[in-house]
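So you can see what is in the structure, the chains are spelled out below.
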Amino acid sequence: MSNPPSDRKRPLRSARWFASGDMRGFAHRQRTQQMGLRREEFMDRPVIAIVNTWSEMSPCHIHLRDVAEAVKRGVLRAGGYPVELPALSVGEVMVKPTTMLYRNFLAMETEELLRSHPIDGAVLLGGCDKSTPGLLMGAISAGLPAIYCPAGPMANGQWRGTKTGAGTHTKKYWDELRAGTIGPADWLDLESRMTRSIGTCNTMGTASTMTGIVDAMGLTLPGASSIPAIDSGHRRMASLCGERIVAMVDEDLTPAKILTRDAFLNGVVAYMALGGSTNAAIHLVAMAGRAGVDLSLDDLAAAARRIPVCANLFPSGNALMEDFFFAGGLCALLAKLRDHLRPDCLTVTGRTLGENIADSVCHDDEIIRDPSNPVVPLARGATLALLRGNLCPDGAVMKSSAADPRLLSHTGRALVFDSNADMLAAIDDPDLDVDADSVIILRNGGPVGAPGMPEWGNLPIPKKLLARGVRDMVRISDARMSGTHYGACIVHAAPEAAVGGPLALVRTGDLIRLDAAAGRLDMLVDEAELQARRTAWTPPASPYERSYAALYRAHVTQAPQGCDFDFLAGTATVPEPPIY
Ligand code: FES
């Protein structure tokens, strides 16, 4: 039950709306009673926002209305007053040109929803890729107690006896279809069978990467990120989120008290051991920026050099999230990584991370590996390789653990495309001048150029090479790549081409050299020639002169800075709204 007023660490924020004796206080109480509530149901009780990204355009979140009901049960049981606030659902598959364009929109919406209403604490319902950083960036900036309730991954998939993972096998079978090893009837059959339940992608894509990271950072109930969406335990977890947030309001347990640099570094440990998505490199930096924590790509790369992939999950391994859950889930993984963690970090439970995982047990050492027996040895590849060089002086990243190791040291001739549309129109041309050693480059896919940095970075392998058995090539872009995908894809090249980064200067035929172990990516073109190209370069025209996309292009930062808006990053205080 919520504490009596005298035990609260500070007065309820919602009392500013409900407790005053003036005409405005009357109006707030009157309008709440208009909805059928008695005064006793909301006066002097923590008002808990359930920020819900449910949408019929987001299959990953389609169950969140039910989940919200479970959260409400917990809030009511603890003596709070739950209110559901709908928020933008950045469903990964349907939203075009890319959900990344709208992550900052969701962050702004979450922050402003919480600030502008009589809210004391929040349960955030999300899970599909950008919803996790979007909701949390907003909640961090709002500064109210908040707990993250992940949507949960979908059930295992299988097709004709083969385990199939969302995203990973879509891409794999698409290449097989183009290579002619499966037919149109097989492709049609796969369409209805691969994603067989509600929930987020069942591979270690961006969704499970981000929910796992924030779980390790102490922003969810322990292990909440691993519970499948269809499991009855998921609804019990949601109810407990509702109960716990009421206590967090009493304790004044805000994100600022949880999100220290050490907490972020715990998230980074989980990121690397999970073999997580390259997208997390952007989101973690953005979240740290909101929390006022100094976290850079170099911090992530340093952890990647120490911590191998231990979770045997697609695309680096060969199991799915339901397997991971049965094996013990994130807590069991963290327990095996104790030596790398900062166990004293405070979490939403009010206990430390070390206390939360103290009794965790692993039930399957093949799926949750010990760092001494990793899925991918560090010598073969890491979750995140940070590259710099004259193609990407501010950085580019690749998931070398999910690439053909043969390609991690490679020199090849560039094949350059100025746009995704140009590339798609040409890539299957039988006369395309390309071979297995070529380096395919796509530019103008960055935060400003696309805009929004779509997941174009898993550039397609030309059809004629697929037919010859080629399944991986070195590919470079300033776009992003889906966490469910794999291959020697170098993404987030910064500065991006559209703002004059060196990717804008490379030409078809230039030699490109990748040395992942040395962290280098260079075009072998002499500086005088590059200077001549730089002088001749003009920025590409953009059709986005109005709308949110125009705001985005004007204010988004580059990938190594997290792609937040320049006016939203940081911890500067925003005044509470005046009540009148
Ligand atoms: Fe929503 Fe993958 S599409 S989590």
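To keep things clear, this report deals only with the structure shown in the data block. Note that the structure is predicted; figures quoted are calculated from it, not measured.

Burial of the side chains of strand S8 (residues 395-398) extends over both faces: Gly395 and Val397 are buried on one face and Ala396 and Met398 on the other. As paired elements, S8 and strand S12 (residues 489-494) share two bridges and run antiparallel to each other. Paired with Val397 across the strands is Val491, a residue of S12.

Next up on the list: the sheet that holds strand S2 (residues 81-86). Strand order in this open sheet of four strands is S2-S1-S3-S4, and the pairing throughout is parallel. A strand with exactly one partner marks an edge of an open sheet, and here the two such strands are S2 and strand S4 (146-150). Sheet twist, expressed as the average angle between the axes of neighbouring strands with direction ignored, equals 20°. The pairing of strand S3 (residues 121-126) with S4 spans five bridges and is parallel. What sits directly across from Ala122, in S4, is Ala146. Together, strand S1 (47-52), S3 and S4 form the strand contacts of helix H6 (residues 131-142), whose direction differs from that of S3 by roughly 165°.

Within a sheet, neighbouring strands are paired by backbone hydrogen bonds and run either parallel or antiparallel to one another. A sheet is described by the order of its strands in space; here eight strands give the open sequence S7-S8-S12-S11-S10-S9-S13-S14, paired in mixed fashion. Edge positions in the sheet fall to strand S7 (385-387) and strand S14 (520-523), since each has one partner strand and no second. Here the average twist between neighbouring strands, direction ignored, is 25°. Looking at chain direction, strand S10 (residues 439-442) and strand S11 (residues 474-477) are connected through four bridges and run parallel. By the bridge assignment for S11, Val439 is matched with Val474.

The subject of this paragraph is the pattern of salt bridges. Enumeration over the complete set of coordinates arrives at 43 salt bridges. The shortest N-O distance in the salt bridge between Arg115 and Glu112 comes to 3.5 Å. On the criterion of helical spacing, the pair formed by Arg115 and Glu112 is a turn pair, its members being three residues apart in helix H5 (residues 100-116). One salt bridge in this structure joins Arg178 and Asp428, with 2.6 Å as the shortest N-O distance.

Taken as a whole and judged by the stated rule, the model has twelve aromatic pairs. Taking 5.2 Å as the distance between ring centres and 70° as the angle between the ring planes, the aromatic pair formed by Trp159 and Tyr173 counts as edge-to-face. Of this pair, Trp159 sits in strand S5 (residues 157-159) while Tyr173 is found in helix H7 (residues 168-179), placing the two residues 14 residues apart along the sequence. Neither Trp159 nor Tyr173 differs from the other in exposure class; each is buried. Taken together, the aromatic side chains of Tyr102, Phe105, Tyr548, Tyr552, Phe565 and Phe567 make up a single cluster linked through ring pairs. Lying across the ring of Trp17, Arg16 places its NZ or CZ 5.8 Å from the centre. Stacked on the ring of Tyr173, the Lys or Arg Lys172 has its end atom at 5.7 Å from the ring centre.

Take the environment of Ser232 next. Along the polypeptide, Ser232 turns up in helix H10 (residues 232-251). The spatial distance from the C-alpha of Ser232 to the C-alpha of Leu313 is 23 Å, given a sequence separation of 81 residues.

For strand S13 (residues 511-515) and S14, the ladder comprises four bridges, and the chain directions are antiparallel. Paired with Ile512 across the bridge in S14 is Met523.

Moving on: a nonpolar patch on the surface. Where nonpolar side chains cluster on the molecular surface, the patch consists of Met57, Val93 and Met94 and spans about 340 Å² of accessible area. You can see Val93 is positioned in the loop between S2 and H5.

Rules and cut-offs
Residues numbered from 1 in each chain as written. Predicted model: local features only at pLDDT ≥ 70, side-chain atom pairs only at ≥ 80, totals over all residues. Heavy atoms only, no water. Buried < 20%, exposed > 50% of the residue type's maximum accessible area, 1.4 Å probe, protein only. Helix = DSSP H or I, 4+ residues; strand = E, 2+ residues; numbered from the N terminus. Pairing = 2+ DSSP bridges. Axes fitted to C-alpha atoms, helices over the stretch in contact; angles between N-to-C directions. Contact = heavy atoms within 4.5 Å. Salt bridge = Lys/Arg side-chain N within 4 Å of Asp/Glu carboxyl O. Phe/Tyr/Trp six-rings, centres within 6.5 Å; stacked < 30°, edge-to-face > 60°. Lys NZ or Arg CZ within 6 Å of the ring centre and 35° of its normal. Patch = residues over 30% accessible without salt bridge, like charges linked within 9 Å, V, L, I, M, F, W, Y side chains within 5 Å. Areas by Shrake-Rupley, 256 points an atom, 1.4 Å probe, with all protein chains shown as cover.

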